[in-house]
Amino acid sequence: MRDETIGAFLDSLAARVPAPGGGAVAALHAAQAAALLGMVARYSTGPKYEEHADVVERVLVKADALRTDALELAEDDAEAFFAVTETYQLPQETDEQKAARSEAIATALAAAAEPPAAVIIAATHLVSMAEELLPVGNANVITDVAAAAEAARAAATTARLNVEINLSGVTDQAVRDRLTATTGEVDDLAARADQVTAAVRQRAGA
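Residues numbered from 1 in each chain as written. Predicted model: local features only at pLDDT ≥ 70, side-chain atom pairs only at ≥ 80, totals over all residues. Heavy atoms only, no water.

In terms of helices and strands, the protein chain carries seven helices and zero strands. Of the regular secondary structure in the protein chain, the N- to C-terminal order runs α-α-α-α-α-α-α. In the protein chain, buried positions account for 43% of the 206 residues. Taking the contacts inside the protein chain whose residues are at least 6 apart along the sequence as the reference set, 79% of them involve residues at least 24 apart. Accessible surface, the protein chain as shown: approximately 10700 Å² in total, 54% of it carbon and sulfur. Separation of charge centres in the protein chain, based on 16 positive and 31 negative side chains, amounts to 6 Å. (Helix = DSSP H or I, 4+ residues; strand = E, 2+ residues; numbered from the N terminus. Buried < 20%, exposed > 50% of the residue type's maximum accessible area, 1.4 Å probe, protein only. Contact = heavy atoms within 4.5 Å. Areas by Shrake-Rupley, 256 points an atom, 1.4 Å probe, with all protein chains shown as cover. Lys, Arg positive; Asp, Glu negative; His and termini not counted. Charge placed at Lys NZ, Arg CZ, Asp CG, Glu CD.)

Following this line, the structure appears as structure tokens:
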């Protein structure tokens, strides 16, 4: 996926195929948020920003790492979804086959919930980084901090949908509880993203 052109990816997204879908899009939202934060950090170096160099460097390193991680999650999501579709094709002619199929589906759905759950966690980090960079970043590109926060919010809210749809078939209670706790963080994340955007708009005189 990472080697596709944007046009080719969008063609795949629009096609009548199981994946890529919303899960991959959520991960790419996170990748774009990370890229934007990396860009702002790179514009916030030099003598003028020396006082906050440690913050900028920390954001820069983490943003670059999360950009790579998010791309991998987009690919993981597509692979996991294909695995789910394959389990639904398993035979179910006997009771044993039906039981094996049900177990395989539950396992595949639990696995499919993991990439979007990881996207939510990544988005939480991205919003925190936007909050850190907002007061110290280069004012000329400060709107991109808000753009990153909005992209991170989109990543989290979209990923939450993908976790929740898979949860319906997850039978392991410990897994269900962990994934539910992760999705429970999204509303707070969205509110924090709102605050970043509001602060940027206020500085812009909007």
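Next comes the rest of the write-up.
Turning next to the pattern of salt bridges. With the rule as written, the count across this model stands at nine salt bridges. A salt bridge links Asp187 to Arg160; the nearest nitrogen and oxygen atoms lie 2.9 Å apart. Of the two residues, Asp187 is situated in helix H7 (residues 186–203) and Arg160 in helix H5 (residues 143–167); the sequence distance between them amounts to 27 residues. Overlapping salt bridges, with partners in common, bring together Arg42, Asp64 and Arg67 in one network. (Salt bridge = Lys/Arg side-chain N within 4 Å of Asp/Glu carboxyl O.)

Here we come to a negative patch on the surface. Together, Asp69, Glu72, Asp76 and Glu79 make up a negatively charged patch on the protein surface. Turning to its location among the elements, Asp76 is positioned in helix H3 (residues 53–87). The exposure class assigned to Asp76 is partly exposed, which follows from its relative accessible area of 36%. (Patch = residues over 30% accessible without salt bridge, like charges linked within 9 Å, V, L, I, M, F, W, Y side chains within 5 Å.)

Right, let's get into the nonpolar core. Membership of the largest hydrophobic core comes to 62 residues, with the highest contact counts inside it found for Leu37, Val119, Leu126, Met129, Leu133, Val145 and Leu179. Among the secondary structure elements, those contributing two or more residues to this core are helix H2 (22–42), H3, helix H4 (95–133), H5, helix H6 (173–183) and H7. The residues contacting Leu179, other than those within four sequence positions of it, are Ala113, Glu114, Ala117, Val163 and Leu167. (Core = buried A, V, L, I, M, F, W, Y, C linked by side-chain atoms within 4.5 Å.)

Orientation of H5 relative to H7, taken along the N-to-C sense of each, is 160 degrees, at an axis distance of 9 Å. Here H7 runs roughly antiparallel to H5, going by the angle between their axes. In this structure, H5 crosses over H7, and the sense of that crossing is left-handed. Here Thr143, Val145, Ala146, Ala149, Glu150, Ala152, Arg153, Ala156, Thr157 and Arg160 of H5 come into contact with H7, specifically with Val186, Asp187, Leu189, Ala190, Ala193, Asp194, Val196, Thr197 and Val200. (Axes fitted to C-alpha atoms, helices over the stretch in contact; angles between N-to-C directions. Parallel < 35°, antiparallel > 145°, perpendicular 65-115°, else oblique. Left-handed = near helix turned anticlockwise from the far one by under 90°.)

Now for a nonpolar patch on the surface. A cluster of nonpolar side chains, namely Ile6, Leu10 and Leu13, defines an oily patch on the protein surface of about 290 Å² accessible area. Along the chain, the position of Leu10 falls in helix H1 (residues 6–14).

What follows is about the packing of H4 against H6. Relative orientation of the contacting elements H4 and H6 amounts to 30 degrees, with a least axis distance of 10 Å. On the basis of the axis angle, H4 is roughly parallel to H6. Crossing geometry of H4 relative to H6 is assigned as left-handed. Across from Ala110, Ala113, Glu114, Ala117, Ile120 and Ile121 in H4, the residues of H6 making contact are Val175, Arg178, Leu179, Thr182 and Thr183. Split by residue class, the contact of H4 with H6 holds seven nonpolar, two polar and two charged. (Nonpolar A, V, L, I, M, F, W, Y, C, P; charged D, E, K, R; others polar.)

Let us now look at the side chain of Ser44. Following the sequence through the fold, Ser44 ends up in the loop between H2 and H3. Leaving out residues up to four positions away in the same chain, Ser44 has contacts with Tyr49, Val56, Gly137 and Asn138.

Now for the side chain of Thr87. Residue position: Thr87 is located in helix H3. The class for Thr87 is buried, based on a relative accessible area of 10%. In contact with Thr87, not counting residues within four places along its chain, are Arg101, Ala104, Ile105 and Ala108.

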